[in-house]
Amino acid sequence: MTPPARGSRRPVPDDEFFGARRRKRKRGERKRLRRRAALLAVLAATTLLLVAAGAGLTSVATLGSSCDLDALKPVSIGENSFIYAADGTTLGAIPAEQNRQPVPLGRVSSWLPAATIAIEDRRFYEHDGIDMSGIARAVWADVRAGKVVQGGSTITQQLVRNLYPVSRERTIERKIKEACLAIKLDRAQTKREILSSYLNYVYYGNLAYGAEAAAQTYFSKHAHDLNLTEAALIAGMPQAPSSYDPFNKTEVATFRRNQVLRAMLETGAISRGQYGWAVKRPLGLEAGKLYTTIREPYFFSYVREQLIARYGVATVRSGGLKVYTTINPRFQRIAKRAIKKTLYEKTDPAAAVISINPANGAIRAMTAVTPGSKKNQFNLLSQARRQAGSTFKTFVLAAAVDQGVDPSTTGYVSAPFYYKPDPIGDCEDGSGGWWCVQTYSHSYSGWTSIARATLSSDNTVYAQLTLDVTPKAVGKMARKLGVKTELRVDGAYVPSMGLGSIAVSPLDMASAYATLAGGGVACEPMSIRKVVLPGAQTDGRAGWGKKKCRRAISEGEAYTVTQILEENVDYGTGTAASYGHPAAGKTGTTDNHADAW
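Quick look at the structure, then. In this text the structure is predicted, and so the values were computed from the model without any measurement.

**Topic: the overall build of the protein**
Part 1 of the reasoning: A count of helices and strands for the protein gives 20 helices and 15 strands.
Part 2 of the reasoning: In the protein, which comprises 597 residues, the share counted as buried stands at 46%.
Part 3 of the reasoning: In the protein, the proportion of contacts linking residues at least 24 apart, taken out of those at least 6 apart, comes to 69%.
Part 4 of the reasoning: Summed over its atoms, the accessible surface of the protein is roughly 31,500 Å², and 52% of this surface lies on carbon and sulfur atoms.

Printed below as a string of structure tokens:
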């Protein structure tokens, strides 16, 4: 068969021809609409900027010395902050200049500034401190992506936020002040000086401030020895150090590193061949030992986060703070010894212990052991969320007592229990809202009081009790006693919460149980007794060391619940915790012993 001549076409039926034209026209219209919407969004954003600038002209006139580089005192970074235990011994130092090791730009791998400029501020060498086209480009990228994917702040603006005491409030005046300072800083210093300062001030996560500390922390090498992939990883971290933490979030960190490499390719900092090689490389982490001298790292990190919440990262890292805490080193040693005495194999699960003084909420011990994983940086006590199991039944009991129920005379039938709010459902997957409850041992005792059911930790009795007092009442009681974790699922309290199906933190549970031990008075957990600012001035405005307590339930209700928990330690599931002195508590395990309390 002879092939058709070049340019010849087969006849096309009219309906097919016009249908194709209509489809093509509609596609074109949709593209034009999208472009128009995006353009309008950019124009609107630009207009808003101009309006804000116009509205802020008066504010500029009133800024006065607040936009004067000479009048503003840069945040000092020359002194370490120290954290002390209750006995005065040092727990560790929050790194300032000594641990940060500032280095000149000439001693930083050329890959790092190139990667930083590519991902943070592509027109760094062209703008005068603020970049209007960069802001417009960020808005355009956000519109195209349908979400925020780029920021508009230049490296100079970011440096201003780190160097000078600029408010964090999202106000026009703050933005104007920041832009004004950025322009003046750009005029006062060379681009090389600004870039050098940025690379020495910026926070790269895991206590590493500046390029040298970051290189030591993640790769155990000097900043001038960083290769392309290492520099790209570090350059991508300042926007969200916790989210891009390569030690705990490898996949996310790799994705972010590759974003930086793509930006370097687009700006011509690397070739396509270098890009293709780099994105295939592993992270190659080699954790440094710069901060191994920190004692009690879990408590240390908890205190540090509280300081940052109060003073901000810049002030905390500026140094000079002396922080006196509530932790008792002797209690810490006892707690750690108790864990290791029980869990001593490398294959044993992680465990944590926290002790709170019921009288004032002071944290006296906060420690964790992770067998076989000495480099764990995740705080199991305040950050981890685990299912509470039967320990949550205490809140069901407290809610019942609060409603006037007498646990000694009120009872239920101990037997397999089936809750079927919908006639069609399944016990296995919980469809239809079905909740099918059995005891752990599959043994039942018939009618039994709530008090006796507590000692045997009877799931079927507590399932019925949860429904009678209502899951909402249980959730509110847990909140009153001290549980801060969100307990609702899709906005509602679920019945299974009464048996501990919702994940909570050990800090939450310790705080709630301390409320019962304190006679129904709930005290906010307290870790810091006093903070001495530079110049030996004690910070009296922050409220450190002042107990924050409130009446959660009556003393009589707390006594009734505690009395049953005492019996549980003496005769029930908690006998292993008995040590010859008055003690009260409740044990809890989840399916397949995934969690145990």
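**Quick look at the nonpolar core**
Part 1 of the reasoning: Formed by 52 residues in total, the largest nonpolar core has its most connected members in Leu112, Leu199, Leu261 and Met264.
Part 2 of the reasoning: Contributions of two or more residues to this core are made by helix 3 (111–120), helix 5 (155–163), helix 6 (172–188), helix 7 (191–201), helix 8 (210–219), helix 9 (228–235), helix 10 (250–266) and helix 11 (272–278).
Part 3 of the reasoning: With residues up to four places along the chain from it excluded, the contact list for Leu199 reads Leu105, Val108, Leu112, Pro113, Thr116, Tyr204, Gly210 and Ala211.

**Digging into the sheet that holds strand 2 (residues 90–94)**
Part 1 of the reasoning: The five strands lie next to each other as 2-1-3-13-14, forming an open sheet whose pairing is mixed. The open sheet is flanked by strand 2 and strand 14 (537–538), the only strands paired with a single partner.
Part 2 of the reasoning: For strand 13 (residues 528–533) and strand 14, the ladder comprises two bridges, and the chain directions are antiparallel. Following the sheet pairing, Leu533 is matched in strand 14 by Gln537.
Part 3 of the reasoning: Across the sheet, helix 12 (residues 297–311) touches strand 1 (81–84), strand 2, strand 3 (322–325) and strand 13, and the angle it forms with strand 2 is around 45°.

**Overview of the packing of helix 15 (residues 393–402) against helix 17 (residues 459–469)**
Part 1 of the reasoning: The contact between helix 15 and helix 17 brings their axes to 10 Å, and the two run at 45°. In terms of orientation, helix 15 and helix 17 fall into the oblique class. Regarding helix 15 and helix 17, the two cross each other, and that crossing is left-handed. Of the residues in helix 17, those touching helix 15 at Lys393, Val396, Leu397, Ala399 and Ala400 are Asn459, Tyr462, Leu465, Thr466 and Val469.
Part 2 of the reasoning: Considered class by class, the residues forming the contact of helix 15 with helix 17 number seven nonpolar, two polar and one charged.

**Let's talk about the layout of surface pockets**
Part 1 of the reasoning: The space that makes up the second largest pocket amounts to roughly 2,300 Å³.
Part 2 of the reasoning: Contributing to the lining of the second largest pocket are 48 residues, with Ala352, Val353, Ile354, Lys586 and Trp597 lying nearest its centre.
Part 3 of the reasoning: If you list the elements that add at least two residues to the lining of the second largest pocket, you get helix 14 (329–342), strand 4 (351–356), helix 19 (506–517) and helix 20 (555–571).

**Digging into the pattern of salt bridges**
Part 1 of the reasoning: Applying the stated criterion to the full structure yields nine salt bridges.
Part 2 of the reasoning: The salt bridge partner of Glu126 is Arg123, with a shortest N-O separation of 3.3 Å.
Part 3 of the reasoning: Residue classification places Glu126 among the exposed positions, given a relative accessible area of 56%.
Part 4 of the reasoning: Between Arg304 and Glu305 there is a salt bridge, with the nearest N and O atoms lying 3.5 Å from each other.
Part 5 of the reasoning: Overall, the relative accessible area of 4% leaves Arg304 in the buried class.

**A look at the environment of Thr190**
Part 1 of the reasoning: Looking at the secondary structure, you find Thr190 in the loop between helix 6 and helix 7.
Part 2 of the reasoning: Here the alpha-carbon distance between Thr190 and Tyr125, two residues 65 residues apart in the chain, equals 9.8 Å.

**Some details on helix 3**
Part 1 of the reasoning: For helix 3, a buried count of seven out of ten residues is recorded, marking the element as mostly surrounded by other parts of the structure.
Part 2 of the reasoning: Each element contacted by the buried residues of helix 3 is listed here: helix 5, helix 7, helix 8, helix 9 and helix 10.

**Let's talk about the side chain of Thr229**
Part 1 of the reasoning: The residue Thr229 is located in helix 9 in this model.
Part 2 of the reasoning: Taking the relative accessible area as the measure of exposure, Thr229 reaches 6% and is therefore buried.
Part 3 of the reasoning: Among the polar contacts made by the side chain of Thr229, one reaches the side chain of Asn227 at a distance of 3.0 Å.
Part 4 of the reasoning: Not counting chain neighbours up to four residues away, the residues in contact with Thr229 comprise Arg257, Trp277, Ala278 and Arg281.

**What to know about the packing of aromatic side chains**
Part 1 of the reasoning: This structure, assessed with the given rule, holds eight aromatic pairs.
Part 2 of the reasoning: Measuring from ring centre to ring centre gives 5.0 Å for Phe124 and Tyr125, while their planes differ by 70°; the resulting arrangement is edge-to-face.
Part 3 of the reasoning: You can call Tyr125 exposed: its relative accessible area is 54%.
Part 4 of the reasoning: Each residue in the set Phe82, Tyr84 and Tyr324 is aromatic and connected to the rest through ring pairs, giving one cluster.
Part 5 of the reasoning: Above the face of the Phe124 ring, Lys191 is positioned so that its terminal group lies 4.8 Å from the ring centre.
Part 6 of the reasoning: Sitting above the plane of the Tyr324 ring, Lys530 keeps its charged end 4.9 Å from the centroid.

Calculation criteria
- Residues numbered from 1 in each chain as written.
- Predicted model: local features only at pLDDT ≥ 70, side-chain atom pairs only at ≥ 80, totals over all residues.
- Heavy atoms only, no water.
- Helix = DSSP H or I, 4+ residues; strand = E, 2+ residues; numbered from the N terminus.
- Buried < 20%, exposed > 50% of the residue type's maximum accessible area, 1.4 Å probe, protein only.
- Contact = heavy atoms within 4.5 Å.
- Areas by Shrake-Rupley, 256 points an atom, 1.4 Å probe, with all protein chains shown as cover.
- Core = buried A, V, L, I, M, F, W, Y, C linked by side-chain atoms within 4.5 Å.
- Pairing = 2+ DSSP bridges.
- Axes fitted to C-alpha atoms, helices over the stretch in contact; angles between N-to-C directions.
- Parallel < 35°, antiparallel > 145°, perpendicular 65-115°, else oblique.
- Left-handed = near helix turned anticlockwise from the far one by under 90°.
- Nonpolar A, V, L, I, M, F, W, Y, C, P; charged D, E, K, R; others polar.
- 1 Å grid on protein atoms, 1.4 Å probe; cavity = no way out; pocket = protein on both sides within 12 Å on 5 of 7 lines; lining within 4 Å.
- Points joined across faces, edges and corners; volume = space filled by probe spheres on them.
- Salt bridge = Lys/Arg side-chain N within 4 Å of Asp/Glu carboxyl O.
- Polar contact = N/O pair within 3.5 Å; in protein donor to acceptor, adjacent residues only side chain to side chain.
- Phe/Tyr/Trp six-rings, centres within 6.5 Å; stacked < 30°, edge-to-face > 60°.
- Lys NZ or Arg CZ within 6 Å of the ring centre and 35° of its normal.

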